[in-house]
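Examination of the molecular architecture
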Amino acid sequence: MMVKEKFIEYVAPTPNNGFRAILLSKKFMVFYCFLLLVANIFFGNFGITRAYAQVSESALLQLHNTERAKAGLPPLEYNFILANSASAKGEAMLETNCWSHYCPEGKSPWEFFNEAGYSYSYAGENLAEGFATSSAAIAAWMNSPTHRENILKNEFSQVGFGIIYGNFQGIRNNIIVVAHFGTPRGQPDTTLTTGTLSPEENSSFAITKPMSGSFTNNPVQTIEGRSLELVNLAINQNNFGQIIPSGGIFSFNPEVPLPEGENVVRASQPVSGRSLENKFTLDTVPPALNAEQTAVIESNDDLVVKIDSNETLSSALVNIGSEQYRAVYESESNWRVEINYATLLANVTPSDILGSQIQLTDLAGNTTIEKVPENTTAQILNLYESKMSGTNLIRIFFKDIDTKVASITQIQWLAIFVCMFLILLMIVDIIVIRYYRNKYGWKIKSRSHTNVPTFICLLIVAISGNINAGV
């Protein structure tokens, strides 16, 4: 009997506990806050920096080697010097808000390899940003011929990854993934293939900038390279005479604007008779949107917008209000944006849709922002309004509910349990106090409302430790 009475005193108001459940007392409320705070510090996101599980070096390495195994190629070894090189490249991109293989402007990828202390005979670089999972990044790379070639290049034996988070390209808490591939100098070579992103860096004579096959929107280019003897330089039909290298490295700024289109840099060594040439493209014209080919593809779960341009793109975005949705690659000039209806309904308004824009960036870095074509805007608005019906809202909310529940962490479950338990105790408190007042006429009041400030603090602690910064 004593045990039962004591239990009641803990969970309900009685004359013995001063009409306040012990579990709702101030010391227990402080204990709940302390419990969640400690749990979040040691097991959550509060107070420490956690590793993001969505994109990781181990997953990227496994997926790379899976693709190589399908092609009958040996697996890549993980190299921490390459990882340092890739991380330094990603940090430089984040700091300068630059999306290019030459970030900061004019700095080649191979300089990061050299600065990290990786001596190589072959090297390559893949870049990705905005992908929430390792598999999504690999899928995009495998759909791009040049990136796919690096993943499946027989010469590469090692790889390192840099995964950087921050505000990048106008997107809060974006993600940059850098993959640096390499083969250490002196390692036996296998059958040669073509099309790698690497220049002839293993040679003592090379043009390192501009890269062969690269694109630029800068009409005045600095020519850089390596040579152990005098070099004759020429761009297109303009011969600039002999350049004297310093320490085996030469650099020359002709200060002559280049013509639009393909340009050729030629370097020759008059003593040895060797010569090189790199072809690159100057493109200063921003890409244009093909309005007639841009349209909405109806889908039950997602709003899919097909984007078409007049040239090859490096990225495409759709801006609706304050929200920015990144397109995924389909072909060189065709991209598609998939927007979850629940996200769309929760974050944008009809007026946002009417003012929506499409942002296109080509291979040279030229960017254009155009208003979404009227026919596409009308399609988006019609679908938006149809999904706003009550039935569709409920269906969208409960879509993939099992996946959403499965994604809740143990710390989040603890926070949910504590908060629901306290709400239940407060409800019991109100019901029992009302019972006493009606039956005995006692002039007593529920004191659950005095716990509201502490309960709010408890919620803040719970939420602050469980905010996952998405990308």
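Summarised in this report is the structure supplied together with it.

Comments concerning the overall build of the protein chain
- Of the regular secondary structure elements, the protein chain holds 14 helices and 20 strands.
- A buried classification covers 43% of the 471 residues belonging to the protein chain.
- Approximately 24400 Å² of the protein chain is accessible, and the part contributed by carbon and sulfur atoms is 58%.

Observations regarding the sheet that holds strand β14 (residues 302-308)
- Taken together, four strands build an open sheet; the order of strands is β13-β14-β18-β17 and the sheet is antiparallel. A single partner strand is all that each edge strand has here, and the edge strands are β13 (295-297) and β17 (328-329).
- Here two bridges tie β17 to strand β18 (residues 334-340), and the two strands are oriented antiparallel to one another. When the sheet's bridge partners are listed, Tyr329 is paired in β18 with Trp335.
- Sheet strands touched by helix α10 (residues 374-387): β13 and β14. Its angle to β13, the strand with the most contacts, is close to 35°.

What about the packing of aromatic side chains?
- Applying the stated criterion to the full structure yields 13 aromatic pairs.
- Seen in terms of ring centroids, Tyr78 and Phe80 are 5.4 Å apart; in terms of plane orientation they differ by 80°. Their pairing is edge-to-face.
- Site record: aromatic cluster; members linked through ring pairs are Trp110, Phe113, Tyr118 and Tyr120.
- One Lys or Arg, Lys107, reaches over the ring of Phe112 and ends 4.2 Å from the middle of that ring.

A short note on the environment of Ala12
- Here Ala12 lies in the loop between α1 (2-11) and α2 (26-43).
- With a relative accessible area of 9%, Ala12 lands in the buried category.
- As for Ala12 and Leu425, which are separated by 413 residues in sequence, their C-alpha atoms are 7.2 Å apart.
- If we ignore the near neighbours within four places in the chain, the residues touching Ala12 are Asn17, Ala21, Val428 and Val432.

Structural notes on the sheet that holds strand β11 (residues 261-268)
- With mixed pairing, the five strands of this open sheet are ordered in space as β6-β12-β11-β8-β9. Either end of the sheet is taken by a strand with one partner, and the two such strands are β6 (215-216) and β9 (238-243).
- Sheet topology places strand β8 (residues 231-235) next to β11; four bridges connect them, and they run antiparallel. Each residue of the ladder has a partner; that of Leu233, found in β11, is Ala267.

A few points about the pairing of strand β7 (residues 223-226)
- Here three bridges tie strand β5 (residues 206-209) to β7, and the two strands are oriented antiparallel to one another. When the bridges of β7 are listed, Lys209 appears paired with Glu224.
- Direction of pairing for β7 relative to strand β10 (residues 249-252): antiparallel, over a ladder of four bridges. Within β10, the residue paired with Gly225 across the bridge is Phe250.

Section: α10
- Under the 1.5 Å per step criterion, the end-to-end length of α10 is 20 Å for 14 residues, consistent within 8% with the ideal 20 Å.
- Regarding α10, the residues found buried are Thr376, Thr377, Ile380, Leu381, Leu383, Tyr384 and Lys387. Projected onto a plane normal to the axis of α10, the buried residues spread over an arc of 165° and lie on a single side. Those residues of α10 that are exposed and angled more than 90 degrees off the buried face are Glu374 and Asn382.

As for helix α5 (residues 109-116)
- Every buried residue of α5 is listed here: Pro109, Trp110, Phe112 and Phe113. All buried residues of α5 project into a common sector of 155° when viewed along the axis, lining one side.

Some words on the packing of helix α4 (residues 80-96) against α5
- Direction vectors running N to C along α4 and α5 enclose 130°, while the axes themselves pass 9 Å from each other. As the angle between them shows, α4 and α5 are arranged oblique. The handedness of the crossing between α4 and α5 comes out as right-handed. Contacts between α4 and α5 pair Ile81, Leu82, Ser85, Ala88, Lys89 and Ala92 from the former with Pro109, Phe112, Phe113 and Ala116 from the latter.
- Grouping the constituent residues of the contact of α4 with α5 by class yields eight nonpolar, one polar and one charged.

Side note on a nonpolar patch on the surface
- On the surface, Trp413, Ile416, Met420, Ile423, Ile427 and Ile431 cluster together into a nonpolar patch covering about 570 Å² of accessible area.
- Mapped onto the secondary structure, Ile427 falls in helix α13 (residues 410-440).
- Relative accessible area serves as the criterion here: at 43%, Ile427 is assigned to the partly exposed category.

Things to note about unusual backbone geometry
- With omega at -10°, the peptide bond leading from Cys103 into Pro104 counts as cis.
- Locating Pro104 in the fold gives a position in the loop between α4 and α5.
- One non-glycine residue, Asn97, lies in positive phi territory at about 50°.
- Position of Asn97 relative to the elements: it lies in the loop between α4 and α5.

Examining the side chain of Asn126
- By the element assignment, Asn126 lies in strand β2 (residues 120-129).
- On the accessibility criterion, Asn126 (0% relative accessible area) is buried.
- A polar contact of 3.2 Å, which involves the side chain of Asn126, links it to the backbone oxygen of His147.
- Within the structure, the side chain of Asn126 is placed 3.1 Å from the side chain of Asn150, a separation counted as a polar contact.

Comments concerning the packing of helix α3 (residues 57-70) against helix α6 (residues 134-142)
- For the pair α3 and α6, the least separation of the axes is 9 Å and the interaxial angle reads 40°. As for how α3 packs across α6, the hand of that crossing is right-handed. Taking contact as the criterion, the partners of Ala59, Leu60, Leu63, His64 and Glu67 in α3 are, on α6, Ser134, Ser135, Ile138, Trp141 and Met142.
- For the contact of α3 with α6, the class distribution of residues is six nonpolar, three polar and one charged.

Regarding the state of the cysteines
- A full pass over the atoms with the stated rule returns one disulfide.
- The disulfide bridge from Cys98 ends at Cys103, spanning 1.9 Å between sulfur atoms. Between Cys98 and Cys103, the disulfide has an S-S torsion of -75° and is therefore left-handed.
- Take Cys103: its relative accessible area is 0%, and that puts it in the buried class.

Cut-offs used in this document
- Note on numbering: residues in each chain are counted from 1, in written sequence order.
- Predicted model: local features are reported for residues with pLDDT of at least 70 only, side-chain atom pairs are reported and counted for 80 or more only, and whole-chain, interface and lining totals are derived from all residues.
- Hydrogens and water molecules were not included; the side-chain quantities draw on all heavy atoms of the structure.
- Secondary structure elements are defined from DSSP: runs of H or I of at least 4 residues count as helices, runs of E of at least 2 residues count as strands, and each element is numbered from the N terminus.
- With a 1.4 Å probe rolled over the protein chains alone, any residue whose accessible area is under 20% of its type maximum counts as buried; one over 50% counts as exposed, and the rest are partly exposed.
- We get accessible surface area from the Shrake-Rupley algorithm with a probe of 1.4 Å; when it comes to residues, only the shown protein chains can shield them.
- Two strands make a pair as long as DSSP finds a minimum of two bridges between them.
- Note on contacts: a residue pair is in contact if any heavy atoms of the two residues lie within 4.5 Å.
- Helix axes are fitted only over the stretch in contact, all axes being lines through C-alpha atoms; the angle between N-to-C directions runs from 0 to 180 degrees.
- Put simply, two rings from Phe, Tyr or Trp (the six-membered ring, in Trp's case) pair if the centres are within 6.5 Å, and we call them stacked under 30 degrees between planes, edge-to-face over 60, tilted for the rest.
- Two conditions define a charge located above a ring, namely a distance within 6 Å from the ring centre to NZ of Lys or CZ of Arg, and an angle within 35 degrees of the ring normal.
- To estimate how far a helix should reach, multiply one less than its number of residues by 1.5 Å.
- Taken from the helix axis, the directions to the C-beta atoms give the arc we talk about.
- What sets the label is the angle itself: under 35 degrees gives roughly parallel, over 145 gives roughly antiparallel, 65 to 115 gives roughly perpendicular, and the rest give oblique.
- Each crossing gets its hand from how the near helix is turned against the far one by less than a right angle, where anticlockwise is left-handed and clockwise is right-handed.
- The classification used treats Ala, Val, Leu, Ile, Met, Phe, Trp, Tyr, Cys and Pro as nonpolar, Asp, Glu, Lys and Arg as charged, and all other residues, Gly among them, as polar.
- A residue counts toward a patch only above 30% relative accessible area and without a salt bridge, and it is joined to like-charged neighbours within 9 Å or, for Val, Leu, Ile, Met, Phe, Trp and Tyr, to nonpolar neighbours within 5 Å.
- In the sections that follow, a salt bridge refers to a side-chain nitrogen of Lys or Arg positioned within 4 Å of a carboxyl oxygen of Asp or Glu.
- Throughout this description, a polar contact denotes any pair of N or O atoms lying within 3.5 Å of each other; where both atoms belong to protein, one of them has to be capable of donating a hydrogen while the other can accept it, and for residues adjacent in sequence the pair is counted only when both atoms sit in side chains.
- Cysteine sulfur pairs qualify as disulfides if the two atoms are within 2.5 Å.

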